[in-house]
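Results of the structural survey
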Amino acid sequence: MRRKVTVVGAGNVGATTAQRIAERDYADVVMVDIVEGMPQGKALDLNQAGPVVGYEPNLTGTNTYDATSGSDIVVITSGLPRKPGMSRDDLLAANKEIVGSVTKEVAQRSPDSIIICVTNPLDAMCHVTLDVSGFPRQRVMGMAGILDSARFRTFLAWELGVSARDVTGFVLGGHGDTMVPVTSYTNVAGVPVSQKIDSTRLEEIVQRARDGGAEVVKLLKSGSAYYAPAAAVAEMVDSIVLDQKRILPCAALCNGEFGIDGLFVGVPVKLGEGGVEEIVEIELSDQELKDLQKSAGAVRELVDAMANL
Ligand SMILES: NC(=O)c1ccc[n+]([C@@H]2O[C@H](COP(=O)([O-])OP(=O)(O)OC[C@H]3O[C@@H](n4cnc5c(N)ncnc54)[C@H](O)[C@@H]3O)[C@@H](O)[C@H]2O)c1
């Protein structure tokens, strides 16, 4: 039987994610949005691309949740994006309400699903989804690290004039200004990047990766990045649907791993049909571990702030 993937929020990230998943042709896709007619129109348009691109036209657009029943995976992208000059944290109050109400709807109808949260501020929204759904921590996660790492890998590939496919790298920590590009695990075809780029230049590239989202927001003037975010979500969906057991940086609830307790933070995760099957505790330098824990502290502040909203 074909799988079912629901994408809540049919805006920029949601609709592009739905397109990428439909093109995989392993799942039916349901798009939900509050704007009347919009998810229906986008679903119809995407269905009509099926015969040309070569996938089954099995997308549904809706303003209610009945069609989402029995989903294997739910991707939550509903909520406000950043405007120029805004930080992700400025979205906290508005998006907490939206993500909370959406989670309630989908968790009721798809009690066995795996939920991937995308809405910002990402790590805090994962807490909302976990709390409202009551799902075990293996089945609630957030997308951020793959995107942040992809930005880092892109800039490194440009710097070295090599294929981005041969550049690996992990960006861990919260999806905010304290994210932690782990240069000790970043290499080009197995060669540590520190042997190829001097530390001053590497720090500049790290900073550009950290500011990668804001750089796009500034150029777009309205809205934020969505092509790379959607690609990153689709990579997570692949790993779950196809039980690939990829090791990918994702926001997961740490229960003691890396000395972090009870917080969603970007960490290396083994992703398979069970969701977060393992948090992979790679060895970090003292400084990297300190930076990761500092980043977790920033997530803690947001979680505490949410309690007072
Ligand atoms: N985690 C990441 O790395 C990452 C990357 C990019 C974007 N984001 C975040 O993803 C979110 C979506 O970004 P976007 O660019 O797609 O924004 P967008 O404005 O294009 O789309 C958001 C959609 O959510 C819908 N929506 C609002 N409330 C809803 C509700 N209660 N139920 C259903 N739908 C609802 C809106 O109508 C809109 O269509 C933002 O919070 C953004 O900051 C996160």
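Look up a bit, the structure's there.
Residues numbered from 1 in each chain as written. Predicted model: local features only at pLDDT ≥ 70, side-chain atom pairs only at ≥ 80, totals over all residues. Heavy atoms only, no water.

With that out of the way, let us pick up a negative patch on the surface. A grouping of Asp-89, Asp-90, Asp-177, Asp-211, Glu-301 and Asp-304 is seen on the molecular surface, where their side chains present a negatively charged patch. By secondary structure assignment, the location of Asp-211 is in the loop between helix 6 (199-210) and helix 7 (212-220). Using a relative accessible area of 35% as the deciding quantity, one classes Asp-211 as partly exposed. (Patch = residues over 30% accessible without salt bridge, like charges linked within 9 Å, V, L, I, M, F, W, Y side chains within 5 Å. Areas by Shrake-Rupley, 256 points an atom, 1.4 Å probe, with all protein chains shown as cover. Salt bridge = Lys/Arg side-chain N within 4 Å of Asp/Glu carboxyl O. Lys, Arg positive; Asp, Glu negative; His and termini not counted. Charge placed at Lys NZ, Arg CZ, Asp CG, Glu CD. Helix = DSSP H or I, 4+ residues; strand = E, 2+ residues; numbered from the N terminus. Buried < 20%, exposed > 50% of the residue type's maximum accessible area, 1.4 Å probe, protein only.)

Attention shifts here to the pattern of salt bridges. Within the structure shown, the criterion is met by 15 salt bridges. With a shortest N-O distance of 2.9 Å, Arg-109 and Glu-105 are connected by a salt bridge. Of this pair, Arg-109 and Glu-105 both sit in helix 3 (residues 92-109), 4 residues apart, which is roughly one turn of that helix. On the accessibility criterion, Arg-109 (23% relative accessible area) is partly exposed. Look at Glu-105 and you get partly exposed, because its relative accessible area is 29%. Salt bridges here are not isolated pairs; linked through shared partners, they connect Arg-2, Asp-25 and Asp-28.

What follows deals with the site of the ligand. Around the ligand, a shell composed of 28 residues is seen, among which Val-13, Asp-33, Leu-80, Val-118 and Met-143 lie nearest. Here an oxygen atom of the ligand sits 2.9 Å away from a polar atom, N or O, in the main chain of Asn-12. Between the ligand and Val-13 there is a distance of 2.8 Å, counted from an oxygen atom to a backbone nitrogen or oxygen. If you list the elements that add at least two residues to the shell around the ligand, you get helix 1 (12-24) and helix 3. In terms of residue count, the dominant contributor to the shell around the ligand is helix 3 (3 residues). Classifying every residue of the shell around the ligand gives 17 nonpolar, 10 polar and 1 charged. (Near = heavy atom within 4 Å. Polar contact = N/O pair within 3.5 Å; in protein donor to acceptor, adjacent residues only side chain to side chain. Nonpolar A, V, L, I, M, F, W, Y, C, P; charged D, E, K, R; others polar.)

This part is about the pairing of strand 10 (residues 246-255). A regular strand places its side chains on the two faces of the sheet in alternate fashion. Among the 10 residues that make up strand 10, 7 are buried, leaving the element largely enclosed by the rest of the structure. Strand direction decides the pairing type here: strand 10 and strand 11 (residues 261-272), joined by 10 bridges, are antiparallel. Bridged to Ile-247 within strand 11 is Lys-270. Between strand 10 and strand 11, which pair antiparallel and follow one another directly, the connecting turn spans 5 residues, one of which, Gly-256, has a positive phi of 105°. (Pairing = 2+ DSSP bridges.)

Our next topic: unusual backbone geometry. The omega angle of the peptide bond from Asn-120 to Pro-121 is -5°, so this bond is cis rather than trans. Positionally, Pro-121 belongs in the loop between strand 5 (114-117) and helix 4 (122-133). For Lys-221, which is not a glycine, the phi torsion comes out positive at approximately 70°. Structurally, the position occupied by Lys-221 is in the loop between helix 7 and helix 8 (227-241). Using a relative accessible area of 62% as the deciding quantity, one classes Lys-221 as exposed. Positive phi outside glycine occurs at Asp-243, with the angle close to 50°. Along the chain, Asp-243 turns up in the loop between helix 8 and strand 10. For Asp-243, a relative accessible area of 26% translates into the label partly exposed.

Worth remembering: the numbers are spatial, not functional.
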